[in-house]
Amino acid sequence: MHEFALLLASALSAGTPLALASLGLLVNEKSGVVNLGAEGMMLMAAIAGFAVAVTTGNQWLAFGAGAVVGSLLAALVGLLVLWLGTNQYATGLALSLFGAGLSAFLGLNYVGRNLPPFGHVDIPWLSQLPFFGVALFSHHLMVYVAMLLALGIHLFLHRTRAGLVLRAVGESPQSAHALGYPVRRIRLLALMAGGALCGVAGAYLSVIYTPMWVQGMTAGRGWIALALTTFATWRPARVLLGAYLFGGVTMLQFYFQGAGVQVPSQLLSMLPYVATIVVLALMSRNPTWIRINMPASLGKVFRPTG
């Protein structure tokens, strides 16, 4: 039972960067913009956060640096796509390639350096509970921040006027523009907010999850985060559930290896990506379900007239 509690705790920790990035991409897509640059933004934020953490020893400054880097890169995408009219898919892919290459170059001096582990938060009383204390109530603060963000984004989208405007921009930008809302500026702000969350996810990877810098350390998590938004049908609670599900699949490889299960390590390493493909393939069998929940203008460039 204790081993299962540890596996569940590991799944929550591994799923946190996926949850943060997916929530950011959900905000992007609710505004009608697809940002395929999540992988590059996470890598750039990871090296920025790690460098700040090494220099200052402060994890919160590292998270702030990651958020700023992610937000600025997302703003660059917004400028190119929303104002200059570039293809958003090609622009996002270019950002991913750019982020992967530049982060590897900037991180040359940080390879092999480690950070001291930053402490977890033990919630009083609850962390002492058998099983649940280890599994749920003894994590880094960012694990709980991701949970609160999912709730906050849900309330923002469905209980506030600003959230209603954001969804209106995603559903019918022409109507929102006719009502006087600055569609491109709203989409830019949504892109920057989503980029900030992707940046925090990248910084969490290099500062907390594996406190070291390794080239390409996101290992495809940006692409999994993109798939999670579809898997969750653009709902924050389902994003959280999906992130922890994929986090659990990721940790299974270490659990099997520790248990002495004779399975090739390469096959176990494939599990998260195989799970992503299987889930998307199963969901594609009912395209109506996705179409009902998908923002109507998702992926379409809006060019105001007049």
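Residues numbered from 1 in each chain as written. Predicted model: local features only at pLDDT ≥ 70, side-chain atom pairs only at ≥ 80, totals over all residues. Heavy atoms only, no water.

Given 3.6 residues to a turn, an α-helix orients residues that are three or four positions apart in the same direction. With 25 residues, helix α3 (residues 59-83) should cover 36 Å at 1.5 Å per step; its first-to-last C-alpha distance of 35 Å lies within 8% of that length. Downstream of α3 by one or two residues, G85 has phi in the positive range, about 75°. (Helix = DSSP H or I, 4+ residues; strand = E, 2+ residues; numbered from the N terminus. Expected span 1.5 Å × (residues − 1).)

Quick look at the packing of α3 against helix α4 (residues 88-106) now. Packing of α3 against α4 brings their axes to within 10 Å, and their N-to-C directions diverge by 150°. The pairing of α3 with α4 is recorded here as roughly antiparallel in orientation. In this structure, the crossing between α3 and α4 has a hand that is right-handed. Across the interface between the two elements, L73, V77, L80 and V81 of α3 pack against Q88, T91, L95 and F98 of α4. (Axes fitted to C-alpha atoms, helices over the stretch in contact; angles between N-to-C directions. Parallel < 35°, antiparallel > 145°, perpendicular 65-115°, else oblique. Left-handed = near helix turned anticlockwise from the far one by under 90°. Contact = heavy atoms within 4.5 Å.)

With that out of the way, let us pick up the environment of V207. Along the polypeptide, V207 turns up in helix α9 (residues 183-209). Given the relative accessible area of 1%, V207 is considered buried. Considering only alpha carbons, one finds V207 and A46, 161 residues apart in sequence, at a separation of 7.8 Å. (Buried < 20%, exposed > 50% of the residue type's maximum accessible area, 1.4 Å probe, protein only.)

We now examine the nonpolar core. Judged by nonpolar contacts, the single largest core of 79 residues is most densely connected at F63, I153, C198, V207, W213 and F246. It is α9 that provides the largest number of residues to this core, a total of 15 residues. If sequence neighbours within four positions are ignored, F63 has contacts with H140, M142, V200, A203, Y204 and I208. (Core = buried A, V, L, I, M, F, W, Y, C linked by side-chain atoms within 4.5 Å.)

Function cannot be inferred from these measures alone, as they are strictly geometric.
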